Amino acid sequence: MTPSQMARKRDIHDLSFEEISVYIAELSDRPFRAGQIIKWLYEEGVQSFDEMRNLPAELRQRLNGDFLFDPIVVARQVVSVDGTIKFLFDLTDQQKVETVLIPTSGRVTACISTQAGCKFGCKFCASGVGGWVRNLTCAEILYQVLHVRQEARKHQRRLSHIVFMGTGEPLDNLDNVLKAIRIINAPQGLGIAARHITLSTVGLIPVFEELADQGMQFELAVSLHGYDDASRNLLMPINKKYPVGELVRACHEYIRKTNRQITFEYILIDGVTCTDEAAVKLGRLLKGMLCKLNLIPCNPVSEFGHKPPTKDQIRLFTERLDEVGLHYTLRRARGKDVSAACGQLRLSEKK
Ligand code: SF4
């Protein structure tokens, strides 16, 4: 097959279930063939049409002519002492993306990337170093999930949770991300409950309305990482465009429309975000909102020079949060020994 013929073909994982059904209907084939194809793709996770044994040879040939399987390839895989596995994948255009499998006693989570590189340049995140290259396709997102599920199965575990917290801003690639989520969530797809799927965002306010209108029960995590404009400006350039006050108003509106709690991601940096003033101002900012704070002690990234606070500083900070009445969780560091923080493996490979 010539490269131009290849370029015209779509990866079969880029098709929604409706699109597969329409394709089958246009071939005047029996409607149940669509269900059979979907089962092979997402229940069995096959890598070729030839493995779809209950399809007639003619249909398999036709599918081979119209679509392709273009799986992402593992370039590196590192396993942490705590069981976290980090994958660095090669895409067909030599771009690289990271995916993380995080097994704990009660759940197995896949942390998925949605873009190659990132344009938002948060000042604590290795993914933003080097800028944005392109959006990932729906297929490239799904291949990450399928690979992690396969890895989990090898360890007799079931992939139960998906977080879109890898490289990239999911709301900046919303169509492909939502298409992938529908397949991940569908019972005949990967069957992962919407409440076990978390979309993380820097706070692209104009997209919140569209998100709220989806009518899906996924979780929304908003990267706050600051307690006022001055502190957030230091860490998140996006705050100059969408300041904290506007962000909080948009979150109130999102909660009003969806009746769903928002999680605010909040990085703990020694002397910057983990201070008494920060706790008090956070209390004022988020007062009365249906939300929780997820506290994340920072991972040192050499480009930025931030230091995580000590255990004592974190204890003092959380005591203050208790006093101001904020609900919070403290994220346990996972995979520290394998650069599990967002973008670190990709960045080390680039270097
Ligand atoms: S935290 Fe998210 S939005 Fe910010 S630079 Fe990293 S990947 Fe991009």
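Here the structure is a predicted model, which is why all the values come from computation and not from measurement. Each chain carries its own residue numbering, running from 1 in the written order of its sequence. In keeping with the model being predicted, local features are shown solely for residues with a pLDDT of at least 70 and side-chain atom pairs are shown and tallied solely at 80 or more, while totals for entire chains, interfaces and linings include all residues. The basis for the side-chain values is all heavy atoms of the structure; hydrogens and waters are excluded.

## Description of the overall build of the protein chain
- The numbering of helices and of strands both runs from the N terminus, where a helix is a DSSP run of H or I of at least 4 residues and a strand a run of E of at least 2. When helices and strands are tallied, the protein chain shows 12 helices and 14 strands.
- Every radius of gyration here is taken over C-alpha atoms, with the globule rule written as 2.2 Å times N^0.38, N being the number of residues. By the compact-globule yardstick of 20 Å for 351 residues, the protein chain fits well, its C-alpha radius of gyration being 21 Å.
- Judged by the C-alpha coordinates and their principal axes, the protein chain covers about 70 × 45 × 40 Å.
- Counting across all 351 residues of the protein chain, residues that qualify as buried make up 53%.
- Here a residue-residue contact requires only that any non-hydrogen atoms of the pair lie within 4.5 Å. Partitioning the contacts of the protein chain with sequence separation of at least 6, the portion at a separation of at least 24 is 67%.
- If the 46 positive side-chain charges of the protein chain are averaged to one point and the 41 negative ones to another, these points end up 2 Å apart. Three exposure classes are used, based on accessible area relative to the maximum for each residue type with a 1.4 Å probe and protein chains only: buried under 20%, partly exposed in between, and exposed over 50%. Charged residues are defined narrowly, with Lys and Arg counted positive, Asp and Glu counted negative, and His plus the chain ends left uncounted. Every charge is mapped to an atom, namely NZ of Lys, CZ of Arg, CG of Asp or CD of Glu.

## Digging into the pairing of strand β9 (residues 161-164)
- In β9, alternate side chains face the same way, and those of H161 and V163 on one face and I162 and F164 on the other are all buried.
- Relative to β9, strand β6 (residues 108-111) runs parallel, the two sharing three bridges. Bridging from a neighbouring strand, A110 pairs with I162 of β9.
- Of the pairings in the sheet, the one linking β9 to strand β10 (residues 197-201) comprises three bridges and is parallel in character. Residue pairing across strands places F164 opposite L199, the latter belonging to β10. Two strands are counted as paired when DSSP detects at least two bridges linking them.

## Details of the site of the ligand
- Taken together, C118, F120, G121, C122, C125, S127, G128, G166, G168 and V202 are the residues near the ligand.
- Gly falls in the polar group here, along with every residue not listed as nonpolar (Ala, Val, Leu, Ile, Met, Phe, Trp, Tyr, Cys, Pro) or charged (Asp, Glu, Lys, Arg). For the shell around the ligand, the per-class residue count stands at five nonpolar, five polar and no charged. Any residue with at least one heavy atom within 4 Å of a molecule or strand is counted as near it.

## Points about the packing of aromatic side chains
- When two rings of Phe, Tyr or Trp (its six-membered ring) have centres within 6.5 Å they constitute a pair, described as stacked for plane angles under 30 degrees, edge-to-face for angles over 60, and tilted for the intermediate range. The final tally for this structure, using the stated rule, is six aromatic pairs.
- Both rings, one in F87 and one in F89, keep their centres 5.8 Å apart while their planes meet at 20°; by these two values the pair is stacked.
- By relative accessible area, F87 is classed as buried at 0%.
- For F89, a relative accessible area of 0% puts it in the buried group.
- Each ring, one from F208 and one from Y254, has its centre 6.2 Å from the other, and the planes form 70°; the classification is edge-to-face. You can see F208 sitting in helix α7 (residues 205-212) and its partner Y254 sitting in helix α9 (residues 244-258), a full 46 residues away along the chain.

## Here we look at the side chain of D11
- Assignment of secondary structure puts D11 in strand β1 (residues 10-11).
- When a carboxyl oxygen of Asp or Glu is within 4 Å of a side-chain nitrogen of Lys or Arg, the pair counts as a salt bridge. Of the side chains with opposite charge, R10 lies nearest to the buried D11, which makes no salt bridge, at 8.9 Å.
- Within the local environment of D11, its side chain forms a polar contact with the backbone nitrogen of H13, the two atoms lying 2.8 Å apart.
- In terms of polar contacts, D11 uses its side chain to reach the side chain of Y143, at 2.8 Å.
- For D11, the contacting residues outside a window of four places in its chain are L68, F69, D70, A139 and Y143. Here a polar contact means two N or O atoms within 3.5 Å. Within protein one must be a hydrogen donor candidate and the other an acceptor candidate, and residues neighboring in sequence count only if both atoms are side-chain atoms.

## Examining the domain arrangement of the protein chain
- Partitioning the protein chain into domains gives domain 1 (3-68) and domain 2 (73-350).
- Listed by partner, the interface residues are 14 residues for domain 1 and 14 residues for domain 2.
- Buried area is understood as the total, over both parts, of accessible area removed when two parts are fitted together, assessed with a 1.4 Å probe. Of the roughly 1100 Å² buried between domain 1 and domain 2 on both sides combined, carbon and sulfur atoms contribute 57%.
- Considering only the side of domain 1, the residues that lose the most area to domain 2 are H13, F17 and Y42, jointly responsible for 51% of the buried surface there.
- Run the count over domain 1 and domain 2 and you get one salt bridge.
- Between E19 and K179 there is a salt bridge, and its shortest N-O distance comes to 3.0 Å.
- At the junction of domain 1 and domain 2, the tally comes to eight residue pairs in polar contact (both at pLDDT 80 or more). Domains are outlined according to an automatic or database domain assignment.

## Let's talk about the packing of helix α5 (residues 138-154) against helix α6 (residues 174-185)
- Whenever a helix is involved, its axis is fitted only over the stretch in contact; in every case the axis is a line through C-alpha atoms, and angles between N-to-C directions fall within 0 to 180 degrees. Axis separation between α5 and α6 bottoms out at 8 Å; the angle between their running directions is 40°. Regarding the angle of α5 to α6, the classification is oblique. The handedness of the crossing between α5 and α6 comes out as right-handed. Mapping the contact onto sequence places C138, I141, L142 and V145 in α5 and N176, V177, K179, A180, I183 and I184 in α6.
- Residues that form the contact of α5 with α6 fall into these classes: eight nonpolar, one polar and one charged. Each angle gets one of four labels, with under 35 degrees taken as roughly parallel, over 145 as roughly antiparallel, 65 to 115 as roughly perpendicular, and the rest as oblique. Each crossing gets its handedness from the near helix: less than a right angle anticlockwise from the far helix is left-handed, clockwise is right-handed.

## Observations regarding the environment of L220
- By the secondary structure assignment, L220 is in strand β11 (residues 219-223).
- Taking relative accessible area as the criterion, L220 reaches 2% and is therefore assigned buried.
- Along the backbone, L220 and D312 are 92 residues apart, and their C-alpha atoms lie at a distance of 30 Å.
- In contact with L220, other than residues within four places in its own chain, are L199, T201, L211, Y254, Q261, I262 and T263.

## Structural notes on the sheet that holds strand β13 (residues 291-297)
- The strand order β3-β4-β5-β6-β9-β10-β11-β12-β13-β14 describes an open sheet built from 10 strands, whose pairing is mixed. The strands lining the two open edges of the sheet, one partner per strand, are β3 (73-79) and β14 (328-330). Across the sheet, the axes of successive neighbouring strands diverge by a mean angle of 20°, strand direction being ignored.
- Most of the contacts of α9 go to strand β12 (residues 262-268), to which it runs at about 150°, and overall it touches β11 and β12.
- Each of β12, β13 and β14 touches helix α11 (residues 311-324); the most contacted strand, β13, lies at about 170° to it.

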